[in-house]
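# Descriptive structure summary
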Amino acid sequence: MSNWITVADENEIPPGRWKVVEIDDTEIMIINKDGEYYAIEDICTHDGGPLSDGELEGDEIICPRHGAHFCIRTGRATVPPAYEDIAAFRVRVHEGKVQVCEEE
Ligand code: FES
C-alpha cells in the first residue's frame, strides 16, 4: 500500500524553487518546476554534496560541488563526475497539500 506523506501546502513552493524535508532520515528535495512537483534525494552520489544548494537547469539539478547533473524526474545521473543515480519519489497534490510517496 502506498504511504503518502504531506510535505508542503500547495503554493508554498513557488515555481522554479524547492524545499528540503526529512523523511525517515533521508533529506528529500521537493521541487516545483512550472507547477509540476518532483521529489529527489538531496545528496550527490559523487561525494555527498547537497543538491539543494545547486541550480536547476531544465529538468536537471546541478551539484554545486563538482557539477554533476541529475534528472529531477528520474534521479538519473546524467553528467559526471557522478555515475550512480539518486532516488526519485512519486509526488502528488491532494486536497491542497503536496505529498510524497514513501516508496521510490
Ligand atoms: S559532490 Fe556532487 S559532483 Fe562532486
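Structural data are supplied above this passage.
To keep things clear, this report deals only with the structure shown in the data block. (Residues numbered from 1 in each chain as written. Predicted model: local features only at pLDDT ≥ 70, side-chain atom pairs only at ≥ 80, totals over all residues.)

Read across the sheet, three strands follow the order E1-E11-E10 without closing on themselves; strand pairing throughout is antiparallel. Only two strands of the sheet have a single partner each, and these edge strands are strand E1 (4–9) and strand E10 (91–94). Strand-to-strand twist of the sheet, defined as the mean angle between neighbouring strand axes without regard to direction, takes the value 35 degrees. Both E1 and strand E11 (residues 97–101) contribute to a ladder of five bridges, which runs antiparallel. Bridge pairing links Trp4 to Cys101 in E11. (Pairing = 2+ DSSP bridges. Helix = DSSP H or I, 4+ residues; strand = E, 2+ residues; numbered from the N terminus. Axes fitted to C-alpha atoms, helices over the stretch in contact; angles between N-to-C directions.)

Our next topic: the environment of Arg17. Within the fold, Arg17 resides in the loop between E1 and strand E2 (18–23). Arg17 sits 35 residues away from Ser52 along the chain, and the two C-alpha atoms are 9.6 Å apart.

Another point: the nonpolar core. One broad rule of soluble globular proteins: the nonpolar side chains tend to lie buried together. Core analysis: the largest hydrophobic core is formed by 24 residues, its most contacted members being Met29, Ile30, Ala39 and Val91. Among the elements of the structure, strand E3 (26–33), strand E4 (36–41) and E11 are those that each provide at least two residues to this core. Discounting chain neighbours no more than four positions away, the residues touching Met29 are Trp18, Val20, Ala39, Ile40, Asp42, Leu51 and Ser52. (Core = buried A, V, L, I, M, F, W, Y, C linked by C-beta atoms within 7 Å. Buried ≥ 20, exposed ≤ 12 C-beta atoms within 10 Å, placed from the backbone. Contact = placed C-beta atoms within 7 Å.)

For the rest of this paragraph, the subject is the sheet that holds strand E9 (residues 88–89). Sheet architecture is open: four strands sit in the order E2-E3-E4-E9, paired in antiparallel fashion. Two strands bound the open sheet, and with one partner strand each, they are E2 and E9. As defined by bridge partners, E3 adjoins E4 across six bridges and the pair is classed as antiparallel. Bridge pairing in E4 links Lys33 to Glu36.

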